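Chain and residue survey
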Amino acid sequence: MTGPTLYALTGAALVGIGVFGLISARHLLRRVVAFNLIGSGLFVFLGAAGARGGAADPLPQALIITGIVVALSASALAVGLVVAHARASGRPALPEEDEEA
Amino acid sequence: MSALVAVLVLPLAGALATVALPGRAARIAASTAIAATLAAALALAAWVAARGVPRLEIGGWAPPVGIAVEADGLAAAMIVMTATVMAAAGLSARHMLAPGAAGARAAFGFWPLMLLLWAALNAVFVSRDLFNLYVGIELLSLAAIGLVAIEGKAAALAAAMRYMIFALAGSLLYLAGVVLVYAAHGALDAGLLTDRTPARTDGLALALMTVGLMAKTALFPFHVWLPPAHGGAPAPASAMLSALVPKASFVILLRLWFDVMPDQATEGALALMAALGTAAVIWGGLAALVQERLKLIVAYSTVAQIGYLFLVFPLAGGASAEMPWAAGAWNGAVFLALSHGLAKAAMFLAVGQWMAARGGDRLEDLRGIATAMPMTAFAFALSSITLVGLPPSGGFTAKYLIMTSAFAAGQWGWALVMAGGGLLAAAYLYRPVAVIFARAEVPDSPLPSRGRQVVPLILAGAAVALGIASAAPFDLLSTGRPQAAGEGL
Amino acid sequence: MTGLLPIFILLTSLVPAAITFFLRQESYRLRNALNLGGAVVKGALIVAMLVAVAGGASFETAIPLAPGLVLLLRIDALALLFVSLSATLWLLTTIYAISYLGEKPEQSRFFGFFSLCVFATTGIALSGSLISFFIFFELLTLSTWPLVAHKQDAASLRAARGYLLYALPCSTILLVAIVWLESATGPILFTDPPDLSGVDPASLRVIFALFIVGVGMKAAIIPLHGWLPAAMVAPAPVSALLHAVAVVKAGAFGVIRVIYDVFGIERVAELGVGTPLAALASFTIIWGSLRALQQTEIKKRLAYSTVSQVSYIILGVALASPFAVIGGLAHLVHQGLMKITLFFCAGIYDERAGVRSIEGLDGLGRRMPWTSTCFSIGALGMIGLPPIAGFVSKIYLGIGGLQAEAPWVLAVLGASTLLNAAYFVPLLYRLWFREIAPDAEADERAPALVGPAVAAALAAVLAGMLAASDISPLGWATLISERDYLE
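Residues numbered from 1 in each chain as written. Chains lettered and ligands numbered in written order. Predicted model: local features only at pLDDT ≥ 70, side-chain atom pairs only at ≥ 80, totals over all residues. Heavy atoms only, no water.

On to the overall build of chain A. In terms of regular secondary structure, chain A is built from 3 helices and 0 strands. Residue burial in chain A is summarised as follows: out of 101 residues, 35% are buried. When contacts within chain A are restricted to residue pairs at least 6 apart in sequence, those whose partners lie at least 24 apart make up 55%. Counting every atom, chain A has about 5400 Å² of accessible surface; 70% of that belongs to carbon and sulfur. (Helix = DSSP H or I, 4+ residues; strand = E, 2+ residues; numbered from the N terminus. Buried < 20%, exposed > 50% of the residue type's maximum accessible area, 1.4 Å probe, protein only. Contact = heavy atoms within 4.5 Å. Areas by Shrake-Rupley, 256 points an atom, 1.4 Å probe, with all protein chains shown as cover.)

Shown next as structure tokens:
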């Protein structure tokens, strides 16, 4: 198994775990983590896709860094919202899914 | 050319300035940034109309390494519409979100978020790079979510949270598609991808991107986040969210299906998109019929109107792209997006002023408001005319073009969706119009000045004027349009 | 310069409308001056054009809206027939309405929408393309709605909602018909009959039916007539507008345009859709009269009478024989003159004697002689008594029926005349031969109300007596049919 393939499979696995978490979790923080997992998986996959023909492609690296910055700010806002929502409603889950949280 | 840079940089600079400067100075900075960006948007449109499509390769790097931005007619039209709505929302927000009226936090947060939203919208409209578009819509969603949550009430926070989940899921789906495209072609520039050799994964990539963008556009069945989010935000924020934000992801969809990968458009996929649009028209219309709060009626109407936009895909995409009727559908959809934006913003701003005067937006609260505030009531009525698609209005021109195109294509079912949706819109807008124009004992309450009341009327007037003086916007749209929008019937 | 004439004519109604909306309730003089001034200027422009068009001139202005969407305004003989009718009656109705409304509230809104209605009607008349026609047709719907709802009480609001409930679905159907046809032929101009040979006859029949539903609703063809009797709760000037000046006339005019300028007589005959339409019109004539018999309120009886009478026009144009067409076209004007007389009088009875139901008419003839004379002229004209205008229409329609080899038309006309008599004669009997209740208060010291009624009644008589001359409605209808339709 070549390096890029390994990376690609890892990325796919991360996406899979993230999707599972997104579907199964009610707790909003868990969902935020799941989003981050999916995002990271996609970035790993993108890095692997860049290694075409053996030589490293610098472009995906730049994209991944940009993507990480975007994901970070999204996560920050999301966590802030989760905290504010939990304080206001007393629950860390959305109202319509409350019973299991 | 410098106008193209200005529409991207000015709102961003304004957003930074409003964060850095203290209270009063921040509001002055915001007003300056709004006025300057509006001027830049108009200058850009004039440039495009006179000289064609300006293109900028950032930092002098050509794709695939660099990022290109281009303002074609579609982008220029959207940018002007955005600037109009933003300026109107800004004018209304000076009072509705003054520190005394909305609390210090909302008063501080509104201006940077609004300007950030604006910068993101303009970036999405002109960007030619799929990854850059991802960054743009992510920034757009984050600013929009912030605006929904700005007042910090429990219901608004829940709405923002729900919006966040849909928006992030949508972003990730879109990103997954982008990754697949890069893996297959090693390029993300729209121009380069148009001339690519199709790969096996292209269909999947397009599907992922499309579903992600549908979630962000709030197309049925991904619409559930929209009504509480748009109904719960402060009125100027609702105006921007409903009028502009869904249009950004819709424009990306147009670019993907008509510019980047027209070869991947299978008949079934195109019909499925329009079928979802049909479901949105019906569901949004029926839901709007039973709401008791006016803001929710207006928000569900957005769900329905978004549905119309997706009728363009089978009529102008795939095998239809080379047919004479494609142009009508494409232009009609863009016209609908423009006039809906203006009309919907007018509605939300009018409702916002009524809420300030009456303390609520339940239909019963608003009985007879037309007597006290005739100009805003007239604005609401004019906007309703556009949304229903009655002549003369931008909404009618769009409806006529799309329906003609549907009959010419032999796909008359979509024309009936347009026609039936118009009736449904008439039904759900009749209730609020009848209530606000009803005769009632009007309680005395302080009214906004005439200068502020006229703002929604100007927007609504612009939506109607789109239908009367549509020649100029049409010429603008024809600049740099895709093949599907070429010479038509 | 002459190309701008249609625009000037439109502006004579639009400008007063636009200014009136912004006037305060107290600005009675300015508002009245604006509306009367607009009506008078319009009348003058129309007279100038009547002369020019009689000499063979035509006027045209095109305003492009979007590719394929052209607002084409043009003046042909048929347009002028309708425009001069609506402009004349607008002037009379404005005088009447100023007095009728007195110092009642919300006058700026009323007169604003009133002028807008007339603007839309003029636009319908002058439309030279199908899409312009539709745009003005819709504008008429929208500007009529606030007038029907004007009193803002529960009954008015219900009537106004009922009006929209009929109007909006039918206009949607009309739009579907237009779009369907134009998607096959391109934009349709009335100057240049479209080439329909590319569309299969079955589709054409469906499209024709959709057109008739779309425009026929405003002409109150059964079963699309329900809104009209309900709308009689509106103030009397609005009834005049609905029944004579604008709305039902616009519907009938639309049917004429569809048959002659969209499809063309030959195509209609080829498709075999004229006879069913004539049959529907005949049914409406009889049924409307039967329903009128059952009404005990004056205005409701008049409303059903309109349902019945407007279908005379449709019957005439659907039969498509020369005399029938002329009779139908002339009846467009005749019915307007007679019906507006009746509604003016009904409004006077209501305002000056508090009478709305038929029983209340007892003996009013002697107390209100001018009003009652006008009412009698209108009613006798409707029945078809010579020399009043209605008689001329019926004669022409009858002969036209024979020309079209449809002798059953005579039976319809005969039955309708009997029914007309049955529902009008009792009213006249009460007016003139019953004794008035001793405590009744009734007078007609309101020259601005009675004047327009007298003028309209006089016009109805003159239109009948001078029918043979070139300037009568009949003469003009003959000119239209000879010049444009029957070659």
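Attention shifts here to the interface of chain C and chain B. Contact with chain C, which involves 28 residues of that partner, is made by 27 residues of chain B. Three residues stand out in chain C for area buried against chain B, namely C:Leu65, C:Gln152 and C:Val179, and they jointly supply 20% of the buried area on that side. Summed over the shared surface of chain C and chain B, the number is 0 salt bridges. Where chain C packs against chain B, one counts 2 residue pairs in polar contact (both at pLDDT 80 or more). Contributing elements (two or more residues each) for the side of chain C that touches chain B: strand E1 (59-66), helix H5 (130-148) and helix H6 (154-185) of chain C. The dominant element in the side of chain C that touches chain B, judged by the number of residues it contributes, is H6(C), at 13 residues. Grouping the constituent residues of the side of chain C that touches chain B by class yields 19 nonpolar, 5 polar and 4 charged. (Buried area = accessible area lost by both parts, 1.4 Å probe. Salt bridge = Lys/Arg side-chain N within 4 Å of Asp/Glu carboxyl O. Polar contact = N/O pair within 3.5 Å; in protein donor to acceptor, adjacent residues only side chain to side chain. Nonpolar A, V, L, I, M, F, W, Y, C, P; charged D, E, K, R; others polar.)

Below, the discussion takes up the interface of chain A and chain B. Residue-level contacts link 31 residues of chain A with 30 residues of chain B. Where chain A meets chain B, there are 0 salt bridges. Breaking the side of chain A that touches chain B down by element, the ones donating at least two residues are helix H2 (28-50) and helix H3 (58-89) of chain A. If you tally residues by element for the side of chain A that touches chain B, the top one is H3(A), at 15 residues.

A separate point is the confidence of the model for chain B. Confidence along chain B averages 90 in pLDDT terms, with 97% of residues attaining 70 or more. Per the prediction output, this complex has pTM 0.92; the corresponding ipTM is 0.93. (pLDDT = per-residue confidence, 0-100.)

Here we take up the pattern of salt bridges. Close approach of charged atoms lets side chains of opposite charge pair. Residue and element names in this part refer to chain B. Tallied over the entire structure, the rule returns 24 salt bridges over all chains. Where Glu 57 meets Arg 55, a salt bridge forms, and the shortest distance between an N and an O atom there is 3.2 Å. Under the relative-accessibility criterion, Glu 57 is labelled partly exposed at 28%. With relative accessibility at 33%, the residue Arg 55 sits in the partly exposed group. Ionic pairing is found between Asp 259 and Arg 128, a salt bridge with its closest N-O pair at 3.9 Å. Of this pair, Asp 259 sits in helix H12 (residues 245-260) while Arg 128 is found in the loop between helix H5 (104-126) and helix H6 (130-148), placing the two residues 131 residues apart along the sequence. Its relative accessible area of 18% is what places Asp 259 among the buried residues. Looking at Arg 128, the relative accessible area reads 10%, which means it is buried. Taken together, the shared-partner salt bridges in this structure form one network comprising Arg 55, Glu 57, Glu 70, Asp 72, Arg 128, Arg 255 and Asp 259.

Where nonpolar side chains cluster on the molecular surface, the patch consists of C:Leu4, C:Phe8, C:Leu11, C:Leu14, C:Val15 and C:Ile19 and spans about 430 Å² of accessible area. With respect to the element layout, C:Phe8 can be found in helix H1 (residues 5-20). (Patch = residues over 30% accessible without salt bridge, like charges linked within 9 Å, V, L, I, M, F, W, Y side chains within 5 Å.)

This part is about the packing of helix H11 (residues 235-243) of chain B against H12(B). All names here are of chain B. Viewed as axis vectors pointing N to C, H11 and H12 meet at an angle of 15 degrees, and their least axial separation amounts to 3 Å. Compared by their axis directions, H11 and H12 come out roughly parallel. Of the residues in H12, those in contact with Met 240, Leu 241, Ser 242 and Ala 243 of H11 are Val 245, Pro 246 and Lys 247. Taken together, the residues of the contact of H11 with H12 break down into 5 nonpolar, 1 polar and 1 charged. (Axes fitted to C-alpha atoms, helices over the stretch in contact; angles between N-to-C directions. Parallel < 35°, antiparallel > 145°, perpendicular 65-115°, else oblique.)

Residue and element names in this part refer to chain C. Its location among the elements puts Pro 194 in the loop between H6 and helix H7 (201-216). Distance from Pro 194 to Leu 181, taken between C-alpha atoms, is 9.6 Å for residues 13 residues apart in sequence. When sequence neighbours within four positions are dropped, the list of residues in contact with Pro 194 reads Thr 185, Ile 188, Asp 261 and Val 262.

This next bit is on the nonpolar core. Within soluble globular proteins, side chains that are nonpolar tend to cluster in buried spots. Counting 407 residues, the largest nonpolar core has B:Tyr174, B:Trp354, C:Phe211 and C:Phe263 as the members making the most contacts within it. The element best represented in this core is helix H16 (residues 326-358) of chain B, accounting for 20 residues. If we skip the residues at most four places from it in the chain, C:Phe211 touches C:Leu130, C:Leu174, C:Ala177, C:Ile178, C:Leu181, C:Gly216, C:Val258, C:Val262 and C:Phe263. (Core = buried A, V, L, I, M, F, W, Y, C linked by side-chain atoms within 4.5 Å.)

For H6(C), spanning 32 residues, the distance from its first C-alpha to its last is 46 Å, which sits close to the expected 46 Å at 1.5 Å a residue. Positive backbone phi, approximately 85 degrees, marks C:Gly186, located one or two places after H6(C). (Expected span 1.5 Å × (residues − 1).)

The subject of this paragraph is helix H20 (residues 412-436) of chain B. All names here are of chain B. With 25 residues, H20 should reach 36 Å at 1.5 Å per residue; the first-to-last C-alpha distance of 36 Å fits that figure. At Leu 429, H20 is deflected by roughly 30 degrees, the largest bend along its length, and proline Pro 432 occurs up to four residues later in sequence. In terms of burial, H20 is largely enclosed, as 18 of its 25 residues are buried. (Bend = angle between axes of the 7 residues up to and from the residue.)

Residues and elements named next belong to chain B. Locating Asp 189 in the fold gives a position in the loop between helix H7 (154-185) and helix H8 (190-194). With no salt bridge to any partner, buried Asp 189 finds its closest opposite charge in Arg 55, at an N-O distance of 4.5 Å. Looking at Asp 189, its side chain comes within polar contact range of the main-chain nitrogen of Gly 191, at 3.0 Å. Those residues in contact with Asp 189 that lie beyond four places of it in its chain are Pro 63, Ala 68, Arg 128 and Asp 129. (Lys, Arg positive; Asp, Glu negative; His and termini not counted.)

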